[in-house]
Amino acid sequence: MDLIADRGRRVTIEELNTTRLLSHARKQAHQRNLDDLVIVDVDAHHYENESYDEFLPYMENDVLRQLSLSSRSKRNRAGITPTQVGYQDMGGRVTRYPMRGSEKTDTVNGAQRDIQLGHRWMDAMSVDYSCLFPTGMLNIGLHPQKEMEVELCWAYNRWLTEQVMPEAGGRFFSMLCLPFNSPEAALRHVEVFGDRPHVGGFMVTTVRSDMAVYDNAYMKLYRAMEERGLVLSFHSGPNWGEPIYKSCNRFMAAHALGFSWYNVLHCTNWVVNGMGERFPKLPVIWIEAGIAWVPFLMQRLDHEYMLRPSEAPLLRKKPSDYMRDMFYSSQPMEIQDYGAMECTFRMMNAETQLLYSSDYPHWDFDLPSTIYDLPFLSEKAKHNILGGTAARLFRLPPRNDKQKDNLKRFGNLAAAATAA
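What comes next is a walk through the structure. Bear in mind that the values here come from a model prediction, so they are computed numbers and not experimental data.

Each value, and the rule that gives it
Residues numbered from 1 in each chain as written. Predicted model: local features only at pLDDT ≥ 70, side-chain atom pairs only at ≥ 80, totals over all residues. Heavy atoms only, no water. Helix = DSSP H or I, 4+ residues; strand = E, 2+ residues; numbered from the N terminus. Rg over C-alpha atoms; globule rule 2.2 N^0.38 Å. Areas by Shrake-Rupley, 256 points an atom, 1.4 Å probe, with all protein chains shown as cover. Lys, Arg positive; Asp, Glu negative; His and termini not counted. Charge placed at Lys NZ, Arg CZ, Asp CG, Glu CD. Axes fitted to C-alpha atoms, helices over the stretch in contact; angles between N-to-C directions. Parallel < 35°, antiparallel > 145°, perpendicular 65-115°, else oblique. Contact = heavy atoms within 4.5 Å. Nonpolar A, V, L, I, M, F, W, Y, C, P; charged D, E, K, R; others polar. Phe/Tyr/Trp six-rings, centres within 6.5 Å; stacked < 30°, edge-to-face > 60°. Buried < 20%, exposed > 50% of the residue type's maximum accessible area, 1.4 Å probe, protein only. Lys NZ or Arg CZ within 6 Å of the ring centre and 35° of its normal. Pairing = 2+ DSSP bridges. Core = buried A, V, L, I, M, F, W, Y, C linked by side-chain atoms within 4.5 Å. Salt bridge = Lys/Arg side-chain N within 4 Å of Asp/Glu carboxyl O. Right-handed = clockwise from strand over helix to strand, strands pointing away.

## Quick look at the overall build of the protein chain
Tallying secondary structure elements over the protein chain gives 18 helices and ten strands in all. Taken over the C-alpha trace, the protein chain has a radius of gyration of 21 Å; the compact-globule value for 420 residues is 22 Å, and the two agree within 12%. Principal-axis analysis of the C-alpha atoms gives the protein chain an extent of 65 × 55 × 45 Å. Accessible surface, the protein chain: about 18,800 Å² in total, of which carbon and sulfur atoms supply 50%. Between the mean site of the 47 positive side-chain charges and the mean site of the 51 negative ones, the protein chain shows a separation of 1 Å.

## Some points on the packing of helix α2 (residues 23-31) against helix α6 (residues 113-125)
Close contact between α2 and α6 brings their axes to 6 Å; oriented N to C, the two are set at 40 degrees. When the interaxial angle is binned, α2 and α6 end up oblique. For the pair α2 and α6, the contacting residues are Ala25, Arg26 and Ala29 in the first and Asp123, Ala124 and Met125 in the second. A class-by-class count of the residues in the contact of α2 with α6 yields four nonpolar, no polar and two charged.

## Observations concerning the packing of aromatic side chains
All chains considered together, the criterion is met by 18 aromatic pairs. With centroids separated by 5.4 Å and ring planes inclined at 35 degrees, the aromatic side chains of phenylalanine 55 and tryptophan 159 adopt a geometry described as tilted. Of this pair, phenylalanine 55 sits in helix α3 (residues 52-55) while tryptophan 159 sits in helix α7 (residues 146-164), and the two are 104 residues apart along the sequence. Tryptophan 159 gets classed as buried once you look at its relative accessible area, which sits at 1%. Between tyrosine 222 and phenylalanine 279, the ring centres sit 5.5 Å apart and the planes meet at 75 degrees, which makes this aromatic pair edge-to-face. In this pair, tyrosine 222 is assigned in helix α9 (residues 219-228) and phenylalanine 279 in the loop between α11 (275-278) and β8 (284-287), connecting sequence segments 57 residues apart. Three or more aromatic residues link up through ring pairs in this structure, and these residues are Phe180, Tyr218, Tyr222, Phe234, Trp270, Phe279 and Trp286. Looking at lysine 317, its charged tip hangs above the ring of tyrosine 322, at a distance of 4.9 Å from the centre.

## Re α9
Listing the buried residues of α9 in full gives Met219, Leu221, Tyr222, Ala224, Met225 and Glu226. Buried positions along α9 lie against α8 (183-193), β6 (199-205), β7 (231-235), α10 (251-272) and α11. Phi turns positive one or two residues past the end of α9, at glycine 229, with a value near 70 degrees.

## Let's talk about the sheet that holds β6
Taken in spatial order, the eight strands of this open sheet run β3-β4-β5-β6-β7-β8-β9-β10, and their pairing is parallel. Single-partner strands in this sheet number two, and they are β3 (40-45) and β10 (354-355). One ladder, built from four bridges, connects β7 with β8; its direction is parallel. Paired with histidine 235 across the bridge in β8 is isoleucine 287. In the packing of α6 onto the sheet, the strands contacted are β3, β4 (129-133) and β5 (172-177), and the crossing angle to β5 comes to about 115 degrees. Across the sheet, α7 lies against β4, β5 and β6, angled at about 165 degrees from β5, the strand it touches most.

## So, the nonpolar core
Side chains that are nonpolar tend, in soluble globular proteins, to be buried together. Counting 117 residues, the largest nonpolar core has Tyr222, Trp270, Trp293, Met323, Phe345 and Phe394 as the members making the most contacts within it. The dominant element in this core, judged by the number of residues it contributes, is α7, at nine residues. Membership of the second largest hydrophobic core comes to seven residues, among which are Val207, Tyr245, Cys248 and Tyr262.

## Observations regarding the packing of helix α17 (residues 379-394) against helix α18 (residues 401-409)
For any two helices packed against each other, the geometry is given by the interaxial angle and the distance between the axes. Running from amino to carboxyl end, α17 crosses α18 at an angle of 105 degrees, the nearest separation of the two axes being 10 Å. One way to sum up the angle between α17 and α18 is to call them roughly perpendicular. In this structure, α17 uses Glu379, His383, Gly388 and Ala391 to contact α18, whose residues at the interface are Asn406, Leu407 and Arg409. Residues of the contact of α17 with α18, tallied by class, amount to two nonpolar, three polar and two charged.

## Re the pattern of salt bridges
Counted according to the given criterion, the structure contains 18 salt bridges. Across the pair glutamate 60 and arginine 188 runs a salt bridge, and its minimum N-O distance is 2.8 Å. One end of the pair, glutamate 60, is in the loop between α3 and α4 (62-70); the other, arginine 188, is in helix α8, with 128 residues separating them in the sequence. Classification of glutamate 60 as partly exposed rests on a relative accessible area of 39%. In this structure arginine 188 comes out as partly exposed when scored by relative accessible area, which is 35%. Glutamate 162 is the partner of arginine 196 in a salt bridge, and the nearest nitrogen-oxygen pair spans 3.0 Å. Taken together, the positions of arginine 196 in the loop between α8 and β6 and glutamate 162 in helix α7 put the pair 34 residues apart, joining distant regions of the chain. Classification of arginine 196 by relative accessible area gives partly exposed; the value is 25%. Taking the relative accessible area as the measure of exposure, glutamate 162 reaches 29% and is therefore partly exposed.

## Things to note about the pairing of β5
Counting buried positions along β5 gives six out of six residues, so the element sits mostly inside the fold. Bridge analysis of β5 against β6 gives four bridges, and the strand direction is parallel. When the bridges of β6 are listed, methionine 175 appears paired with glycine 201. Taken together, β5, α8 and β6 form a β-α-β motif whose crossover is right-handed.

And the structure:
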C-alpha cells in the first residue's frame, strides 16, 4: 500500500518509520559520541488527540465526560481542545504530520504506541530522558469553558502517570499540565500528582488572555511546589487569533512573535512582582520561545527598574539578576549569528541555566548537535546544557558508565543519583 505525500510523491507504508526518518540524526550522534553524555530533552511532544478515547474516561464531571466522549463517536469527530490556524506541516512537505498515524508499532506485545514511537526518536538522537508534553492541549487556556480545562488536565494527567510513563522504562518524565484558570484545582493537581514517579514538576500553558502569574490566589500553589522540590515551567506558543497579531498576513510572522511574546509578558510579570524573592527555591523554566528574547528583556527591565524602582518594591537586585536565576529551554535556537548567540549565552549564564530541548516531532525541532557544534562552548558547557543541569534538576541517573564518569567529572553526579 502506498501513501500520497507532498506533490504527489508516493511513500510506502514500510518507508514511514521514525528510525528511518532520523537515520542522519543517528549518524550525527555516533560521530560525536553523544551516547557518552547524559542528554535530557526538556521539551518533547506527542499527539494526545490520538489517545482521546483512552484518557477522556478519566474526566470526573459526568456531563462534560459524556459530551467529550460523544464528540469522539464515529459520526462526529468534533474537536475537544481549541484549534488554531497555522501551517505547521509546511504544505505537506513535513510528511510525518499527515502520515504519522500509519507508522507501525507492536500492538500485541509492545508498550503504548506513544512509548514505542518516543523510544525510536530518542534512540536516534541519543536522548536518554525526555520530558513529555501534549500538543493540542497547549491551547487549553483558550477554551471557552473554563471548567473544561480542569477536567481535561485531570484526565490527561491521570492517564499519563498511570498508563504511559510507568511503561516507559524510566526514560519519560513530565511537568504535568496545570489547569491554571483555577488556582484551587491546580493546587489539587500538585497535591495528588506531585509525589508520583516520573513527575518532575508542573507546566503552565502561557497562551491565554487573562493570566496574572502574580495573583495572590496562586501563592499556595507555588509554595506547595517549592516545598516538594518540584519545577514550575511556562510553555509558550503562537496564537494567530490574538488581536495584536491580526495584522500579520503570514504564519511565520505570528509564529515568530507569538512564541516569544507570551514568555516575555509572563516573565516580566513574574520578575517585576517579586516572585523570585517570594519563592527563591522554586526552579522556573521558560520553554519554547528560543533565547533571543532573553537579553532584550533583561536590558529593557533593568533600564525601567533603574528609573522607577519604587514600582517594584520587592526586588533586592536588578531584574536581569532574577532572570539569570531561572532556566530556559534551547529550542528553537536562533543560530544565524554566532556572535549574537555567544553574547546571549553570556548574558543568561547559559552554562548553568540553559537546558537542551528538541521540540520533536514538530517541524522546527533541534538535534543535540545544535548545541554540541557551537564553537564557543567549553566541554563543560556542552555537558551541562545537553543534560547535566537537567539531570541535577530532575534527579535523573546516568544510563552507562561513561555517562556516570562525565556527570562526576562536571559535578552533577550526586544530585542525579536517583531517578525522578
